[in-house]
Amino acid sequence: MYPTASLTISELFFGPYLLNIPLFQRPYSWGREQAEQLLDDLMEAAGVCSGGEADQTYFLGAVVLMDAPGAETSRLNPKMTPREFGVIDGQQRLVTLMTLLAVLRDLETDTRRPVGKRVHNMLIAQLGTRFFRTERFRMHLSTRERAVFEDHILLPGSSVQPTYLAAPSLPEATLLEVRDRFKAVLSEMTNTARRTLADFIADSCYIVVIVGNDIDRSHQMFVVLNERGKKLQRNDILKSDILARMSTSDAKWAVGMWDDMSLALGEGFEPFFGHLRTIYGHGRLQIVSGVRQVIRDSGGSEAFFKDVFLPLAKAYVLVRSNGEDVLPHSMQRTLIYLNRLPEADWAPAAIVALKDWKYDPHRAAFLLDEIERLAMLTRLLCAGSGKRVRRFAELIKVMRSGVPIDASHPVLQMSRDEVRGVAFHLKDFHKRNPKVCKLLLMRLGDELAGEMDVVDPDLYTIEHVLPQRPAASSPWRQKFASSEERAQLVESLGNLVLITQQENDRARNASWEDKKQIYAKASSRVPLLAITRDVLGETEWCKEQIEARELRLIELIDKLWRIDLLGQRPGVRPPPLKPVDVEEPTEPLRHLA
């Protein structure tokens, strides 16, 4: 059973409820827009803007409180002994309402101070007996913004004074922005209007208070009700799950580490938990359910946080940052190639590979190379995301087992059918997957040059040297008279180069000589790539050149990713690879796009 009561704001803030924000809660995050909307709604309902009659009541939603340890509240009433309740849901609204009431208190000009006296007793609880009276702020925040909330908002007179903080955190800055916005709007109102608004908030605004007596039941209500507030993310739910079950001393340390990882991963923090679930073999479960299972398997929250969450999160920071300034250049290069790929099915395996890279950097480098190899070959195979995920799941099992692994391990092998599939799809891979085809060409160009081109892939487009649709009178049609042969050669890997979109528009149906001139005009902003420089030495562009170049590039794929595509063409051996002039990179490796 959940004890429940419908309370006015004055009953909640003036009664026996001493409110604490648990450590596992996220910081204050309501922005100016949400705070302004709340103020507009309250002013409209109170009739202080329109001059009309005030609404009889105004519903502010529900809040979930967790009772003090050992307490068994069966019924909520104002005569309960004052005690502490943890705010499980409703923090954003309650903190915003307290900020609004504090500004109304401090803007009062009436010497009798009816608002100030009333609000003072709502924001600062009076405890103890008549002869041993003590005070405490009605709400204690748990995070860094507690001092700002108490010293610059709750303390009488502080909310209308200028505040100068050297380097405020985002929650601190947000709190002060909301406070100052309230001050700007309310200072334009008359003292009477402000008093009317304060009385309306205290006496006519209701909140449904629901009390749970254990974290699991309270958290269940939190998840159900949170749709009313700021959208709940998976990491918020998991933070609540993990930190609520840790000792106080560990929880304080863990909150700081959690926030550090959240900041370091940015937008990658939410997807990280999906990768974590996959690493431990729970990919078929929903993300929250999968991570909860990992927590149980790890022996509880503390063991999970220290032995699973932190090491894997730090490894994922390396993955997302390409190991900048940390990993050897060869590993940075491999991560750059991986991070260019659409979809991150490879990421869980890369996290595992880098988890303990310092203890065995050679193994980590080998595994990263193999992960990139499988990521590219499965895409050349045109395997769906489900098949790729399953393929990497098998590799992760082997990696986590700690058994020796080298290039001969079965988990790294491609079957004959898969090799044949790759060979077949490469005949017209641009039509099948243009984005990965571009990345493939860039990768092959880097191998031709012997180093990575310092470029952004988005600056380049694929150009067909033999045009896809030459004009009827074009010399290309005379040179490639057979439409069937032309269709086959035009999509050949040997017929593709990379140039900018502007150059592509100019080169579209131009002659071979004109195309070469267009290709050769590189700029410092968009340099000429090795894969394009590779064709400039050809005096003509005929079937023989296309087929010979295709064979050279396929041989490069064989060598690069340990696959025998040439074996699918009996009796065919490619001409030797031609050296390509290498231009020095303009930036160090860590600046690669």
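Scroll up a little and you will see the structure.
For clarity, every value in this text was computed on a predicted model and none was experimentally measured.

Caption draft 1: A look at empty space enclosed by the protein. In the structure shown here, the tally under the stated rule is three cavities of 30 Å³ or more. Taken as a whole, the second largest cavity spans an internal volume of roughly 80 Å³. What lines the second largest cavity is simply Tyr337, Arg340, Leu341, Glu372, Met376, Leu439, Met442 and Arg443. Elements supplying a minimum of two residues to the lining of the second largest cavity: helix H14 (329–340), helix H16 (361–380) and helix H20 (434–449). Considering every element that reaches the lining of the second largest cavity, the biggest residue donor is H20, with three residues. Partitioned by chemical class, the residues of the lining of the second largest cavity number five nonpolar, no polar and three charged.

Caption draft 2: How the structure looks around helix H24 (residues 512–520). For H24, the full list of buried residues reads Trp512, Lys515, Lys516, Ile518 and Tyr519. Looking straight down H24, one finds its buried side chains confined to an arc of 165°; they lie on one side. On its buried face, H24 is in contact with strand E9 (461–464), helix H21 (475–479), strand E10 (496–499), helix H23 (501–507) and helix H25 (530–533).

Caption draft 3: Main features of the sheet that holds strand E4 (residues 83–89). Strands sit in the order E1-E8-E3-E4-E2-E7 across an open sheet of six strands; the sheet is mixed. Two strands in the sheet have a free side with no partner beyond their single neighbour: strand E1 (4–8) and strand E7 (139–140). Inspection of the sheet shows strand E2 (residues 17–20) paired to E7 by two bridges, in the parallel sense. Residue pairing in the sheet places Leu19 in a bridge with Met139 of E7.

Caption draft 4: View of helix H7 (residues 191–204). Over its 14 residues, H7 extends 19 Å from the first C-alpha to the last, a length consistent with the 20 Å expected when each residue adds 1.5 Å. All buried positions along H7 are accounted for by Ala193, Arg194, Leu197, Ala198, Phe200, Ile201, Ala202 and Ser204.

Caption draft 5: Structural detail: the pattern of salt bridges. Applying the stated criterion across every chain yields a total of 32 salt bridges. With a shortest N-O distance of 2.8 Å, Asp345 and Arg379 are connected by a salt bridge. Pair noted here: Asp345 is in the loop between H14 and helix H15 (347–355) and Arg379 is in helix H16, with a separation of 34 residues, a long-range link. The residue Arg508 makes a salt bridge to Asp505 at a minimum N-O spacing of 2.8 Å. Among the residues examined, Asp505 registers a relative accessible area of 43% and is labelled partly exposed.

Caption draft 6: Molecular detail of the packing of aromatic side chains. This model, assessed by the stated rule, comprises 14 aromatic pairs. When the ring of Trp253 is compared with that of Phe305, the centres are 5.6 Å apart and the planes differ by 75°; the resulting orientation is edge-to-face. Taken together, the residues Trp253 in helix H10 (residues 248–265) and Phe305 in helix H13 (residues 301–320) connect sequence positions 52 residues apart. Take Trp253: its relative accessible area is 37%, and that puts it in the partly exposed class. The exposure class of Phe305 is buried, given its relative accessible area of 0%. Sitting over the ring of Trp476, Lys479 keeps its end group 5.4 Å from the ring centre.

Caption draft 7: Expanded view of the state of the cysteines. With the rule as written, the count across this model stands at zero disulfides. This cysteine, Cys382, is not joined by any disulfide, and Cys437 carries the nearest cysteine sulfur, 10 Å off. For Cys382, a relative accessible area of 35% translates into the label partly exposed.

Caption draft 8: Highlighting the layout of surface pockets. A volume near 980 Å³ is recorded for the largest pocket. If you go around the largest pocket, you meet 31 residues; those closest to its centre are Pro27, Leu170, Pro171, Asp259 and Ser262. Counting only elements with at least two residues in the lining of the largest pocket, the list comes to helix H6 (170–186), helix H9 (234–243), H10 and helix H11 (269–279). Tallying contributions element by element places H10 first for the lining of the largest pocket, with eight residues.

Caption draft 9: Here's a closer look at unusual backbone geometry. We note that Asp325 has phi near 65°; this positive angle belongs to a residue other than glycine. You can see Asp325 is positioned in the loop between H13 and H14. The phi dihedral of Cys382 falls on the positive side, at around 60°, and the residue is not glycine. Looking at the element boundaries, Cys382 is found in the loop between H16 and helix H17 (385–401).

Caption draft 10: Summary view of the environment of Asn235. Relative to the helices and strands, Asn235 resides in helix H9. Separated by 52 residues in sequence, Asn235 and Ile287 have C-alpha atoms that sit 9.8 Å apart. What Asn235 contacts, discounting residues up to four positions off in sequence, is Trp258, Phe269, Glu270 and Phe273.

Caption draft 11: Here's a closer look at the nonpolar core. Within the largest apolar cluster, 102 residues are counted, with the highest numbers of intra-cluster contacts made by Phe305, Phe309, Trp346, Leu354, Ile371, Leu395 and Leu440. With 11 residues, the single largest contributor to this core is H13. If near-sequence neighbours (up to four positions away) are discounted, Phe309 is found in contact with Trp258, Met261, Phe269, Phe272, Phe273 and Phe304.

Caption draft 12: Main features of the side chain of Lys239. On the secondary structure map, Lys239 appears in helix H9. The residues contacting Lys239, other than those within four sequence positions of it, are Leu23, Phe24, Gln25, Arg26, Pro27, Ala244, Trp258 and Asp259.

Calculation notes
Residues numbered from 1 in each chain as written. Predicted model: local features only at pLDDT ≥ 70, side-chain atom pairs only at ≥ 80, totals over all residues. Heavy atoms only, no water. 1 Å grid on protein atoms, 1.4 Å probe; cavity = no way out; pocket = protein on both sides within 12 Å on 5 of 7 lines; lining within 4 Å. Points joined across faces, edges and corners; volume = space filled by probe spheres on them. Helix = DSSP H or I, 4+ residues; strand = E, 2+ residues; numbered from the N terminus. Nonpolar A, V, L, I, M, F, W, Y, C, P; charged D, E, K, R; others polar. Buried < 20%, exposed > 50% of the residue type's maximum accessible area, 1.4 Å probe, protein only. Arc of directions from axis to C-beta. Contact = heavy atoms within 4.5 Å. Pairing = 2+ DSSP bridges. Expected span 1.5 Å × (residues − 1). Salt bridge = Lys/Arg side-chain N within 4 Å of Asp/Glu carboxyl O. Phe/Tyr/Trp six-rings, centres within 6.5 Å; stacked < 30°, edge-to-face > 60°. Lys NZ or Arg CZ within 6 Å of the ring centre and 35° of its normal. Disulfide = S-S within 2.5 Å. Core = buried A, V, L, I, M, F, W, Y, C linked by side-chain atoms within 4.5 Å.

Scope: geometric values only; no functional claims are made or implied.
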